[in-house]
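Spelled out from the first residue to the last, the chains are:
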Amino acid sequence: MPDKKYDDSRPVIPAELARAVKVEAGHNCAIRHCPEHTYLEIHHINENRVDNRLENLILLCDKHHKMAHAGVIDKKSLHEYKSFLKSNNKGTLLQRFEKLESMVAGSRMIPPVEETSNKTINLVLEEAVLLGNKLWNTPKGNELGQQIFSLVRKHGAQMGIDSIDLMVRRGDSYSRTGLFGLSILYDEFFDYAKSLNLINHFEGDGLHEVAFYCALREHFADEEDFSACLRSPEFEWGGLKVGCDKGYLLSKYPNRGASVVLDCLIFKDRGNDA
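All of the points below concern the structure found in this document. Nothing here was measured: the structure is a model prediction, and the numbers come from that model.

Cut-offs applied
- Residues numbered from 1 in each chain as written.
- Predicted model: local features only at pLDDT ≥ 70, side-chain atom pairs only at ≥ 80, totals over all residues.
- Heavy atoms only, no water.
- Helix = DSSP H or I, 4+ residues; strand = E, 2+ residues; numbered from the N terminus.
- Buried < 20%, exposed > 50% of the residue type's maximum accessible area, 1.4 Å probe, protein only.
- Contact = heavy atoms within 4.5 Å.
- Areas by Shrake-Rupley, 256 points an atom, 1.4 Å probe, with all protein chains shown as cover.
- Polar contact = N/O pair within 3.5 Å; in protein donor to acceptor, adjacent residues only side chain to side chain.
- Pairing = 2+ DSSP bridges.
- Salt bridge = Lys/Arg side-chain N within 4 Å of Asp/Glu carboxyl O.

### Structural notes on the overall build of the chain
- Looking only at helices and strands, the chain features 14 helices and 7 strands.
- Of all 274 residues assigned to the chain, the portion counted as buried reaches 44%.
- Across the chain, contacts joining residues at least 24 apart in sequence account for 60% of those joining residues at least 6 apart.
- Surface accessibility of the chain: about 14800 Å² in total, with carbon and sulfur atoms responsible for 51%.

### A look at helix α13 (residues 246–256)
- For α13, the side-chain oxygen to backbone nitrogen distance between the N-cap and Gly247 is 3.2 Å, and the N-cap itself is Asp245.
- Phi turns positive one or two residues past the end of α13, at Gly257, with a value near 65°.

### Quick look at the sheet that holds strand β7 (residues 265–267)
- An order of β5-β6-β7 is seen for the 3 strands of this open sheet, with the pairing classed as antiparallel. Both edges of this open sheet fall to β5 (236–237) and β7, since each of them pairs with a single strand only.
- As defined by bridge partners, β5 adjoins strand β6 (residues 240–242) across 2 bridges and the pair is classed as antiparallel. The residue bridging Trp237 from the neighbouring strand is Leu240, located in β6.

### What to know about the pattern of salt bridges
- Summed over the entire model, instances satisfying the criterion amount to 13 salt bridges.
- When salt bridges that share partners are traced, they join Asp51, Arg53 and Glu55 into one network.

This is the structure we're talking about:
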């Protein structure tokens, strides 16, 4: 007698949920020590296709997926592998990035270096997106932020606009951690950052504050982030200006970084009532 759970068509797993499952496993088969990272499938641990809870989904390679359906890997084991992903993730994101980078480089189809770095950076940044508001000023968020900053310092010249947008954008607003990463990009790879035309990119996508910051950095081209931010009251762009003085910026910059400038933005034709 056929199993009822397979009589109906498979419900589609929402894209954000599928991304969460993949990021949780580091875009690698969740079975420990399995090196497969290419042919991956999402498996329902309880084999109920309509149960699309995150805790019921695990990323498996084709071989281990077949073994799970055959019962060679039982449900209890799958739950333990799932728990292992959450509780024993000792490797830093930078280590995982480098591991994935080496695996991609060792595959038969090797994309250009820029494409490889850009895609693998995105995998790390997607994990930061999942952390959401907890990315700023929390122990886990601070640790993750430091790892993102290390990636920007090492691979910033390979980051495409999609990676930078993923780092900075949070819905209709911006991430403070992402903005700090953007400041590092300008400090370390100024000419490259300017060549991406980030001002128009963020302005066109409605992130006017971030566009203002990019315009500020490119206006004070010879200044690093700290100096440019202190000089921001001298600068106006796109109908915006900084509505606080240098002393305030100096006192808040150590904790907020470049985001203190964006916190102080007002419309120049409205004065302090903006």
